[in-house]
Amino acid sequence: MQAGLLFALLAGALFAAFPVFWMGTSSFKTNPEIFELPPRVITEHFSFDAYWSILSNPVEVRFFVNSYIVALSVTVLTLVVAIQAGYAFSRFQFPFKRTLNIVIVSVQAVPPITLLIPYFGLIVSLGLYNTYPALILTYMVFTLSYAIIMMTGYFNTLPRELDEAVKVDGGGPMMALWRILVPLSVPGLVSVGIYTFMIAWNEYLFALTLTRTEDMRTVPIGIQLLMGQHSYRWNEMMAMSILGSLPVLVLFLVFQRYFIGGLTTGAVKN
Amino acid sequence: MRNGVSATWRATSLVVVLAVLVAGCAGPSSSPPATAKPAGGTGGVTTLEFSQWWEPELPQGALRGLMDQFEAASPGIKVKLLSGPFASTKEQTIAGAAAGTMADVVGLDGAWVSDFVKQGSITNLSALMKSAGYDDSQLAAQIKVNGSTYMIPVVNFIYPLFTNDDLLSKAGVTAPPTNRTEFMAAAKKITAGGGDVKGWILPLSLETPNGIQNDVMSWNWASGGSMLKDGKPDVANADVKATVEYVKSLWDAGVVAPGALTMKEQDKVEEFTNGRVGMMIGSLAWVNLIRKNNANLKFSISAIPAKDGFTGKRGIPYASWGIGISENSKNKAEAWKLVDFLMNKTNNASVSSLANGFPGNTQAVPSFVSNDNLFKAAFDIYKAGYPANEFTGLPVADELMRSFDEQLQKTLSGNQSVDDMLNAAQTSWLKKF
Amino acid sequence: MLNVVEAAPRQTLWRGLTRRAVGPTGRRLEPYAFLSPTLVILLILMLYPIGAVIRYSVMNNVILEKAPVFVGVANYVGILTSPDFWVAVRNTSFFTAVSVLAHLVLGMVFALLLNNSLLGPLAKPVFRALFILPWLFTVAVIAVLWRLLLNPNGVINYVLQGAGLMDSKVEWLANPSIALYAVTFINIWSGYPFYMMSLLAGLQGISSDLYEAARVDGAGGLQRFTHITIPQLRPIIVSIALLDVIFTTQQFALIWLTTGGGPINVTEMLSTFTYKLAFNQYEFSVASASAVIIFVLSMVLAFFYVRSQRMAD
């Protein structure tokens, strides 16, 4: 059993991590070495050049700053809004509930590439072109659907009896939501939060369209700028991707302890 | 319940206020472009916006340096560079035109011109040239639609034949092939050397199908052939058929590097640099790249082989960095000054040298021509032949290449004959005209 | 009693808009209050663009033409009778079905592995971090990375040949018979962490008392899994499966940047089909019609999801 578990873990780790490992080793190589045959893992010319050229370039660093600001804002705002909406869907019956649920889900279902031009026109006429709010609000639209569905799902797994507990203290639905349900949904919140951060961090198409000047661009655009018309700057692309993935990884590592179980143990006595 | 509801509304309004605050502290430079600029001549500073993909491809600071020179020479005009990734430039320009946010001066590719003219997004340069009294004889080429110029190529990247000297000599071939028979023989001999080495490389990715232009149709143009007749598609003619059959014969002989059907142009140079490809049709811009990445690689530049016995002028494919002015620019006169600046003899030579391409000004001579053998060879080929790219200026040029590519892929995979392929391509092309 | 009822209306007159919601009608407005930020954002930002797309789909040649003309359902008919569309539908169905299924299975397996109490406190975070890696990268990078790995002259072929599992180079992305599988594999790789995380979070919420009780009753591991784990996770599984179907149907950049819909048309998806209509053929109205068709198909699925939610209530 132990051996089976270990084997599965290692196989899984190989499956998940080998490509990323390859990305990492490539970021330390020189461009031609990346295409060498036979492929080499440790390069002769190990260097941090790729990383250095990114980190020492204020334009590129600005990309990271912008991505942080946008992704963090989107995460916080989406969570707050989705918690409320998920609560509404989970705990209440009201007219048009099904319609609204469908509307929220189906907003995701329109291919973004066709929405691009009218949406862009809308943002320009709202005067938000090339601003942080344009990106923040746009990403909220993308992530709210998922976040609301997930929060509804998580709240649905928490029995209604829990809400009753606040009645003793004379509290209403808001109290039930924020004092009882939210603390119990921390694993769900963390997973939705990380997902939201990731969507906002990695999005490319709307980031490119809704920003105009270098000082507003984000990391995915920075990576694409390295894919030239004539050739790609492979090692820098890999380095920038690794640098770009670190924030999400750190976020995950920091918050993963909230996944640890037992939060609802004993809360429900059948 | 009373507390609950009001608390709900309070929380909701808090979220709304937060959102408004975030909107309020808008990011920097959020002023909408182009609308608040004074038209030149009122004594205010005119800011021109120049959107292109060139800045990241040139040495750091080079393009900005040129713009600074322009600003120094043209008091009252400032230039703001807007750079974007090449692969997304076409979509972004269309979206920008639709939303009215296009920059004043725009970098363009010849394949987009016809459709942008249809959209009305770029302005008639002939009219501007006339009102500025510009002498256009110094321009090597002008991309015209309906008789008026809409794009001027600033730098031309030609695609000659690159040959790996070591692989050729190992295969017993002394000089780069000059006609199709020699090419086929050389490719076979190189491939016979075994290992991972192949004689030729052919990128046919459907995502950016310029392999059709650079690696397939180029054979036709190098022998003076054409795929058009009176500006209309004529894909089923004898020359094109001979070209396609030749490409198919190379494919069937197994001399083409693996992965061709989804290979992109940027992959060619990597395979060549690593010595796994004997001969390739490549962009001149790669010369310095190859030298930097593999100083030991000995390679030559020559003209694309023509059909046996052909003695006429050989067409050589090229891609350009083209420039145009947007229709809704409020500073067209100033914008033209920038175009003029980039096209004059000295600056055009500078830009071409920096980009490793050939100038769009007939009199400009880039510095690398005099002090570099390979570039000199390329320049001689350029002068001896003529720049040939029939796709430039055609409607939905990308789509034409793509539909041809799809049919070619079917043929190469053995699913249809060359005749069927050409007829299918002709039919689908005619629909677009 | 009577006093309280009479007192309420007088108080509301004083307390303004928010307090007017109090009273028998107050309770009915509560859910809308909770939903209001969502609705405000979605309505303001999406109403116009979606409306525009629908409007474009019944016109002819918008964007490019200055004077678009109403053509009714002509664009829809054109698409539904186009063989390319049905090829795209077929490929997308395969791609989506296999991806979602594999995501679910892999996500569940990894979530269970990570939830296992046999793992030490040091091993858990390490493996969690390893398993979540595919998720951290933007699609363009994943496409570029896998093109590098699956290059006929690349490392995967090298390793497989070296291990004796293959004798010649396989063109993973360029061979028409294999490309669709390769692309599906890449999508599975890049998307399973989403499931893994959601299921892992869900697993935390299952009370261990349930498992204990089952063990006491003599239920084996598999029975505990099918009778406790799956039913408890059902709402989450259904939610993420639905979302994944919608996401995967929209997946554009991964396909476009790896194979461009090729070779020939074996990896042509609805998303690449629509993109090509819009930005290569400049047929924005036809592309909008395609978008509406995709939208309707997804809405049908969303409808079934909502129905299943109601059944769970």
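### Observations regarding the packing of helix H7 (residues 132-156) of chain A against helix H10 (residues 186-202) of chain A
Any two packed helices are characterised by how steeply their axes cross, that is the angle between the axes, and by the distance between the axes. All names here are of chain A. Put simply, H7 and H10 touch, their axes get as near as 10 Å, and they point 165° apart. As judged from the angle between their axes, H7 and H10 are roughly antiparallel. When you trace H7 past H10, the crossing you get is right-handed. Each of Tyr139, Thr143, Tyr146, Ala147, Met150, Met151 and Tyr154 in H7 lies in contact with H10, whose residues at this interface are Gly188, Leu189, Ser191, Val192, Tyr195, Thr196, Ile199 and Ala200. Tallied by class, residues from the contact of H7 with H10 come to eleven nonpolar, four polar and no charged.

### Observations regarding the interface of chain B and chain A
With 56 residues of chain B in contact, the opposing surface of chain A contributes 44 residues. Carbon and sulfur atoms supply 60% of the area that chain B and chain A bury against each other, a total of about 4200 Å² over both sides. The largest share of the area that chain B buries against chain A comes from Pro85, Gln266 and Glu270 of chain B, three residues that together contribute 13% of it. If you look at where chain B meets chain A, you find one salt bridge.

### What about helix H4 (residues 58-91) of chain A?
With 34 residues, H4 of chain A extends 49 Å from end C-alpha to end C-alpha; this agrees with the ideal 50 Å at 1.5 Å per step. If you check the start of H4 of chain A, you find a side-chain oxygen 3.0 Å away from the backbone N of Val59 of chain A, and it comes from Asn57 of chain A.

### Quick notes on the interface of chain A and chain C
At the junction of the two partners, chain A supplies 104 residues and chain C supplies 95 residues. Taken over both partners, the interface formed by chain A and chain C buries close to 8800 Å², and the fraction arising from carbon and sulfur atoms is 80%. The largest share of the area that chain A buries against chain C comes from Leu9, Phe15 and Arg98 of chain A, three residues that together contribute 7% of it. Our count for the chain A to chain C interface comes out at zero salt bridges. If you tally residues by element for the side of chain A that touches chain C, the top one is helix H1 (residues 2-27) of chain A, at 16 residues. For the side of chain A that touches chain C, the residue count by class is 75 nonpolar, 26 polar and three charged.

### Brief notes about the domain arrangement of chain B
Residue and element names in this part refer to chain B. Assigned domains within chain B: domain 1 (34-155 + 319-380) and domain 2 (161-316 + 396-432). Each of domain 1 and domain 2 has a C-alpha centre, and these two points are 30 Å apart. Listed per partner, the contact involves twelve residues of domain 1 and eleven residues of domain 2. In total, about 1100 Å² of surface goes out of reach between domain 1 and domain 2, with carbon and sulfur atoms giving 56% of it. When the buried surface of domain 1 facing domain 2 is broken down by residue, Asn356, Leu374 and Phe375 rank first, second and third, together holding 46% of it. Counting every contact that joins domain 1 to domain 2 gives two salt bridges. Taking the shortest distance from any N to any O, the salt bridge between Lys90 and Asp398 comes out at 2.7 Å. In this assembly, domain 1 and domain 2 are joined by four residue pairs in polar contact (both at pLDDT 80 or more). Here the side of domain 1 that touches domain 2 is composed, by residue class, of eight nonpolar, one polar and three charged.

### Digging into the packing of aromatic side chains
All chains considered together, the criterion is met by 69 aromatic pairs over all chains. Here the aromatic rings of Tyr87 of chain A and Phe34 of chain C are separated by 5.1 Å at their centres, their planes lie at 75°, and the arrangement is edge-to-face. Placement of Tyr87 of chain A in helix H4 and of Phe34 of chain C in helix H2 (residues 24-57) is noted, with the two residues assigned to different chains. Comparing Tyr87 of chain A with Phe34 of chain C, the two get one shared label, buried. Members of the aromatic cluster, connected to one another through ring pairs, are Phe15 of chain A together with Phe110, Phe127, Phe131, Trp146, Phe185, Trp189 and Tyr192 of chain C. Lying across the ring of Tyr246 of chain B, Arg180 of chain B places its NZ or CZ 5.5 Å from the centre.

### Quick word on the packing of H1 of chain A against helix H13 (residues 234-255) of chain A
Residue and element names in this part refer to chain A. Where H1 meets H13, the axes come as close as 8 Å, and the angle between the chain directions of the two elements is 125°. For the element pair H1 / H13, the angle class is oblique. Judged by the twist between their axes, the crossing of H1 over H13 is left-handed. Across the interface between the two elements, Met23, Gly24, Ser26 and Ser27 of H1 pack against Asn235, Met238, Ala239, Ser241 and Ile242 of H13. For the contact of H1 with H13, the residue count by class is four nonpolar, five polar and no charged.

### Quick word on the pairing of strand S3 (residues 105-108) of chain B
Note on strand geometry: in a regular strand, side chains alternate between the two faces of the sheet. Residue and element names in this part refer to chain B. Alternating residues of S3 divide into Val105 and Gly107 and Val106 and Leu108, and every residue in both groups is buried. Pairing of strand S1 (residues 46-52) with S3 involves two bridges; the strand directions are parallel. If you follow Phe50 over to S3, its bridge partner there is Val105. Strand direction decides the pairing type here: S3 and strand S13 (residues 318-325), joined by four bridges, are antiparallel. Within S13, the residue paired with Gly107 across the bridge is Ile323.

Reading the values: the criteria
Residues numbered from 1 in each chain as written. Chains lettered and ligands numbered in written order. Predicted model: local features only at pLDDT ≥ 70, side-chain atom pairs only at ≥ 80, totals over all residues. Heavy atoms only, no water. Axes fitted to C-alpha atoms, helices over the stretch in contact; angles between N-to-C directions. Helix = DSSP H or I, 4+ residues; strand = E, 2+ residues; numbered from the N terminus. Parallel < 35°, antiparallel > 145°, perpendicular 65-115°, else oblique. Left-handed = near helix turned anticlockwise from the far one by under 90°. Contact = heavy atoms within 4.5 Å. Nonpolar A, V, L, I, M, F, W, Y, C, P; charged D, E, K, R; others polar. Buried area = accessible area lost by both parts, 1.4 Å probe. Salt bridge = Lys/Arg side-chain N within 4 Å of Asp/Glu carboxyl O. Expected span 1.5 Å × (residues − 1). Polar contact = N/O pair within 3.5 Å; in protein donor to acceptor, adjacent residues only side chain to side chain. Domains from an automatic or database assignment. Phe/Tyr/Trp six-rings, centres within 6.5 Å; stacked < 30°, edge-to-face > 60°. Buried < 20%, exposed > 50% of the residue type's maximum accessible area, 1.4 Å probe, protein only. Lys NZ or Arg CZ within 6 Å of the ring centre and 35° of its normal. Pairing = 2+ DSSP bridges.

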